[in-house]
Amino acid sequence: MWPFLLQVGPFVILLVLALTVGGFVERAHFKRLERRESQLRDMLVTDLRTFPPNTASSPCGLVTGEVVIASDYFKSFAAALRSMVGGELRSFETLMERARREALVRMLESARRLGAGGVINVRFATSNIGSQRRKRNAAMVEMYAYGTAVRFKEQPRG
Amino acid sequence: MIVVNTETIPGYTIREVKGLVQGNTIRAKHLGRDVAAGLKNLVGGELSGYTELLIESRRQALERMLAQAEQLGANAVVNVRFTTSAITQGAAELYAYGTAVVTEQES
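Residues numbered from 1 in each chain as written. Chains lettered and ligands numbered in written order. Predicted model: local features only at pLDDT ≥ 70, side-chain atom pairs only at ≥ 80, totals over all residues. Heavy atoms only, no water.

(A) Broad picture of the interface of chain B and chain A. Contact with chain B, which involves 40 residues of that partner, is made by 46 residues of chain A. Of the roughly 3,500 Å² buried where chain B meets chain A, counting both sides, 58% is carbon and sulfur surface. When the buried area of chain B at its contact with chain A is split by residue, N41, L42 and Q89 of chain B rank highest and sum to 18% of it. In this structure, the salt-bridge partner of R58 of chain B is E66 of chain A, at a minimum N-O distance of 3.0 Å. (Contact = heavy atoms within 4.5 Å. Buried area = accessible area lost by both parts, 1.4 Å probe. Salt bridge = Lys/Arg side-chain N within 4 Å of Asp/Glu carboxyl O.)

If you want it as structure tokens, here you go:
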């Protein structure tokens, strides 16, 4: 009994720790994202390549936002279990969502600092910093968003 | 220097296309950062060291691209794109490319 507990114990402790702390970190992040997104709601964001007709002709520039987020131990474990039977890896979906929203928010915040009213031609890309580490059951997402910040002659509709 | 990832610049006309300009960089963080990232993989959350790395790389790749554009005598780069590739663990290659052009403000 004891040897078994000693073998499984640390693993279970890690899982529980990751589940509680990781869950807390994720909820806090989503809350923070919502608050920042609500402040940026008046910005026009589009992936269209053309400028809206009311775009001001003042020089505009490239804005970017990047973020690297690590998965927690519990998420990775849940995903590893899931990939045995196949199907949707929900634990990683929220991770990707967090990364994408964070990158977008950072991009919009830097656009706002330039005095822009919106960002045109938004693109998302991912990078691979810890590519080999990923195979060792520890995922991380490296996301960046970029686009062209523009000013508008008048307030854009919508 | 105007840098955009669209094909046109509002209020400007493109007078001359100088051609493709590019910049790349491969950067890595020191081992301490990698260890910290490994620990962060337990509880999740942002890896600010790697975020920094991404920001630095992007900035340097852009700078190299802009230096090339300047050499060609361009005053703007349009249709900028970024791509990345993984070359080794803990390092990232970031590659920026675009078209250097000479633009003129519309009257």
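Past the structure itself, the notes keep going.
(B) Local environment of the side chain of E66 of chain A. Within the secondary structure, E66 of chain A is located in strand β2 (residues 61-72). A polar atom in the side chain of E66 of chain A sits 3.0 Å from the side chain of R58 of chain B. (Helix = DSSP H or I, 4+ residues; strand = E, 2+ residues; numbered from the N terminus. Polar contact = N/O pair within 3.5 Å; in protein donor to acceptor, adjacent residues only side chain to side chain.)

(C) Geometry of the pairing of strand β4 (residues 76-85) of chain B. All names here are of chain B. By the bridge criterion, two bridges tie strand β1 (residues 2-3) to β4 in an arrangement that is parallel. From the neighbouring strand, V3 faces β4, where its bridge partner is V77. One ladder, built from eight bridges, connects β4 with strand β5 (residues 91-105); its direction is antiparallel. Looking across to β5, one finds that V77 is bridged to A100. (Pairing = 2+ DSSP bridges.)

(D) Geometry of helix α3 (residues 90-113) of chain A. The end-to-end C-alpha distance of α3 of chain A, which contains 24 residues, comes to 35 Å, matching closely the 34 Å that a straight helix rising 1.5 Å per residue would cover. G115 of chain A occupies a position one or two residues after α3 of chain A and carries a positive phi of about 80°. (Expected span 1.5 Å × (residues − 1).)

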